[in-house]
Amino acid sequence: VLMAACQGSEPKGNVGTGPAIGEAEKIVAKDGSFEPELIRLPEGEQVTVEISNEGDMPHEFSIDALDISTGNIDPGKTKTLTFEVPSGETEYACKYHSGMTGTIVAEQVGGQR
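Position labels on residues start from 1 in each chain and follow its written sequence. Totals for whole chains, interfaces and linings use every residue, but because this is a predicted model, local features are given only for residues with pLDDT of at least 70 and side-chain atom pairs only at 80 or more, for both listing and counting. Water and hydrogen atoms were dropped before computing side-chain values, which therefore reflect all heavy atoms in the structure.

Undergrad: What am I meant to see in the environment of Val 15 here?
TA: Summarising the element assignment, Val 15 is placed in strand S1 (residues 14-17). When sequence neighbours within four positions are dropped, the list of residues in contact with Val 15 reads Ser 69, Thr 70, Lys 79, Thr 80 and Leu 81. Secondary structure elements are defined from DSSP: runs of H or I of at least 4 residues count as helices, runs of E of at least 2 residues count as strands, and each element is numbered from the N terminus. Any two residues whose heavy atoms approach within 4.5 Å at even a single point are treated as in contact.

Here's what the structure looks like:
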């Protein structure tokens, strides 16, 4: 039943194909989990997250609160997603696999408003 959901998801947001150029927070999608499951990013900053699929099934990386998604990431492939870090804690997930989630924790940057 899940494999039907793995057929494809459209990218939404600032999505790139392949490894990040420059600095990026790296996340690995394995079958059933993201590593790491918790990342700390600077609140209000524009960041790039690089997601590599090291599993045997397609995955995707979505942040519903920001209405963004990498779309389908096939095994052995990498995509990037660039976005502004919201305040507080924000969940990210693979919509193909229930329970495959993680959390972004926004950290205050010194000298901000």
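What follows picks up the thread again.
Undergrad: Got a minute to help me understand the nonpolar core in this structure?
TA: In a soluble, globular protein the nonpolar side chains are often hidden away together inside. Nonpolar cores are built from buried Ala, Val, Leu, Ile, Met, Phe, Trp, Tyr and Cys residues. Side-chain atoms within 4.5 Å join them into one set. Exposure classes here rest on a 1.4 Å probe applied to the protein chains alone. A residue is buried below 20% of its type maximum, exposed above 50%, and partly exposed in between. Counting 21 residues, the largest nonpolar core has Ile 27, Phe 34, Phe 61, Phe 83, Tyr 92 and Ile 104 as its most contacted members. The set of elements that each furnish at least two residues to this core consists of strand S2 (25-30), strand S4 (38-42), strand S5 (46-53), strand S8 (78-84) and strand S10 (101-107). Sorting elements by how many residues they give to this core places S5 first, with three residues. Beyond its immediate sequence surroundings of up to four residues, Ile 104 is in contact with Ile 39, Leu 41, Ile 63, Phe 83, Val 85, Gly 88, Glu 89, Thr 90 and Tyr 92.

Undergrad: Can you walk me through the pattern of salt bridges in this structure?
TA: Between side chains of opposite charge, a pair can form as their charged atoms come close. Salt bridges, as used here, are contacts in which a Lys or Arg side-chain nitrogen is within 4 Å of a carboxyl oxygen on Asp or Glu. The final tally for this structure, using the stated rule, is five salt bridges. Taking the shortest distance from any N to any O, the salt bridge between Arg 40 and Glu 107 comes out at 3.6 Å. Of this pair, Arg 40 sits in strand S4 while Glu 107 sits in strand S10, and the two are 67 residues apart along the sequence. Since its relative accessible area comes to 48%, Arg 40 is described here as partly exposed. Given the relative accessible area of 36%, Glu 107 is considered partly exposed.

Undergrad: Would you mind going over the packing of aromatic side chains with me for this structure?
TA: What characterises a pair of aromatic rings is the spacing of the ring centres plus the angle enclosed by the ring planes. Each Phe, Tyr or Trp ring, with Trp reduced to its six-membered ring, pairs with another whose centre is within 6.5 Å; inter-plane angles below 30 degrees give stacked pairs, above 60 give edge-to-face pairs, and intermediate values give tilted ones. For the structure on display, the rule yields three aromatic pairs. With a centroid separation of 5.3 Å and an interplanar angle of 70 degrees, the aromatic rings of Phe 34 and Tyr 92 are classed as edge-to-face. Taken together, the residues span a long stretch of sequence, with Phe 34 in strand S3 (residues 33-35) and Tyr 92 in strand S9 (residues 89-93) at a distance of 58 residues. Neither residue differs from the other here; Phe 34 and Tyr 92 are each classed as buried. Cluster of aromatic residues (ring-pair linked, three or more members): Phe 34, Phe 61 and Tyr 92.

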